[in-house]
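Here's the letter readout for the chains.
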Amino acid sequence: MNQPTDRTTGNLPKAELHLHIEGTLEPDLAFTLAARNGVRLPYADTEELRRAYLFEDLQSFLDLYYGLMAVLHTEQDFEDLADAYLARAAAQGVRHAEIFFDPQAHTARGIPIATVVEGLSRALERSEERHGISTRLIMCFLRDQSAESALATLEAARPHLHRITAVGLDSAEVGHPPAKFREVYEAAAALGLRRVAHAGEEGPPAYITEALDVLGVERIDHGLTCMQDPGLVDRLVRERIPLTLCPLSNVRLRAVDVLEDHPLPQMMAAGLLCTVNSDDPAYFGGYVGDTYHAVHEALGLDEEQLRALARNSFTAAFLDDDEERRRRYLAEVDAYRFDT
Ligand SMILES: Nc1ncnc2[nH]cnc12
Ligand SMILES: [Zn+2]
């Protein structure tokens, strides 16, 4: 059993498939944008802001996360945010990134969806040349808002759909089952959009089943609680449904007590198509390379298990329109030397 060296674990070539761009807003950039846009933040400085990052659960995180978005106003702000993420991701071996954004969190503050999509797209368009990262954009609906609001968001996104690959579903999970969004997912599918959804982060395994059966999703974001239902695990294995797990997020939001208790090794052993991702790295203590490193250290995943996670990330990526690229990325994973 080869144990990779600490130094190079995080540089393994990989795709990031579960990343909220608003969750990459680092305290330094938040204060820079606050000054640029004349926004007063309820924190004296970056240290005080960082000290607020002690979360009880998903909702306590979301309250801070939505609040800090008040600094994002212009296309330039969204471009700077995405460009800063891509630079950090490139330094941690990311070769392909499928990036979530939350339009309703911005339109509710009076920021037009065009500002958000065009600003993000400016960074994404230059990403390959600047950072060596190919990208896709995934538009998420906030599940604690109404189905009508989600439909209106899809309608408002119509002029921008050439920039958007898929729709997703995020925000407070418990009490907001996937079936509430049946109609908007049907409309998204009719528009040719791919479909994913957060399910089984804090919610029950039944939400995962519902996301598959009612929303027709191709991947499950998180999917952690599937382990409570052996029949569901069998199905996810049989149908090769990718799970975009976020172990550092699960610790910070108290879905697991400590990283050493994370069920990732058991999930891989069960044959689930697992990927690891960073979710909201500015808040949860690490980007995706740090996450690979952390699961190696805390869970003892060896070189071949880490390589399997990286392979899975490209297998699960929305690269069906560019299989040649997928093959190239997979070959990079296979050729990677952990000790160089
Ligand atoms: N971990 C998470 N779960 C649900 N919604 C989110 N939005 C940003 N991060 C999220
Ligand atoms: Zn998420």
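Placed above this text is the structure.
On a predicted model such as this, the values are computed, not experimentally measured, just so you know.

A.B. asks: Teacher, can you tell me more about the overall build of the chain here?
C.D. replies: Across its full length, the chain carries 18 helices and 8 strands. By the compact-globule yardstick of 20 Å for 340 residues, the chain fits well, its C-alpha radius of gyration being 19 Å. Expressed along its principal axes, the backbone C-alpha trace of the chain runs to roughly 55 × 40 × 40 Å. Residues classed as buried in the chain amount to 49% of the 340 residues present. The contacts in the chain between residues at least 6 apart in sequence include a share of 76% that link residues at least 24 apart.

A.B. asks: Whenever I open this one, the sheet that holds strand S7 (residues 242-245) confuses me. Can you help?
C.D. replies: In sheet architecture, strand pairing relies on hydrogen bonds along the backbone and comes in two forms, parallel and antiparallel. Pairing within the open sheet is parallel, and its 8 strands lie in the order S1-S2-S3-S4-S5-S6-S7-S8. Each end of this open sheet is capped by a strand with a single partner; those strands are strand S1 (14-20) and strand S8 (273-276). Taking the axes of each pair of neighbouring strands and ignoring which way they run, one obtains an average angle of 25 degrees across the sheet. By the bridge criterion, 6 bridges tie strand S2 (residues 94-101) to strand S3 (residues 134-142) in an arrangement that is parallel. Looking at the pairing, Phe100 lines up with Ile138 of S3.

A.B. asks: I would appreciate a short explanation of the pairing of strand S4 (residues 166-170) in the present structure.
C.D. replies: The element S4 is largely enclosed, with a buried count of 5 among its 5 residues. The side-chain alternation of S4 yields two buried faces, one formed by Ala166, Gly168 and Asp170 and the other by Val167 and Leu169. When S3 meets S4, the two strands line up parallel, connected through 5 bridges. Within the sheet, the bridge partner assigned to Ile138 lies in S4 and is Ala166. Here 2 bridges tie S4 to strand S5 (residues 194-199), and the two strands are oriented parallel to one another. Bridge pairing links Ala166 to Arg194 in S5.

A.B. asks: Would you take a moment to explain the pairing of strand S6 (residues 219-222) for this structure?
C.D. replies: Look at any regular strand and the pattern is simple: side chains alternate between the two faces of the sheet. Sheet topology note: the S5/S6 ladder contains 4 bridges and is parallel. Bridge pairing links Val196 to Arg219 in S6. With helix H11 (residues 205-213) bridging S5 and its parallel neighbour S6, the resulting β-α-β unit is right-handed. Looking at chain direction, S6 and S7 are connected through 2 bridges and run parallel. Paired with Ile220 across the strands is Leu243, a residue of S7. Each parallel crossover has a hand, and the one from S6 via helix H12 (residues 230-238) to S7 is right-handed.

A.B. asks: Could you clarify how one ought to interpret the site of ligand 1 in this entry?
C.D. replies: In the vicinity of ligand 1, the residues found are His20, Gly23, Leu58, Tyr65, Asp170, Ser171, His198, Glu201, Ser249, Asp279 and Asp280. A breakdown of the residues in the shell around ligand 1 according to their chemical character gives 2 nonpolar, 5 polar and 4 charged.

Rules used in this analysis
Residues numbered from 1 in each chain as written. Chains lettered and ligands numbered in written order. Predicted model: local features only at pLDDT ≥ 70, side-chain atom pairs only at ≥ 80, totals over all residues. Helix = DSSP H or I, 4+ residues; strand = E, 2+ residues; numbered from the N terminus. Rg over C-alpha atoms; globule rule 2.2 N^0.38 Å. Buried ≥ 20, exposed ≤ 12 C-beta atoms within 10 Å, placed from the backbone. Contact = placed C-beta atoms within 7 Å. Pairing = 2+ DSSP bridges. Axes fitted to C-alpha atoms, helices over the stretch in contact; angles between N-to-C directions. Right-handed = clockwise from strand over helix to strand, strands pointing away. Near = placed C-beta within 6 Å. Nonpolar A, V, L, I, M, F, W, Y, C, P; charged D, E, K, R; others polar.

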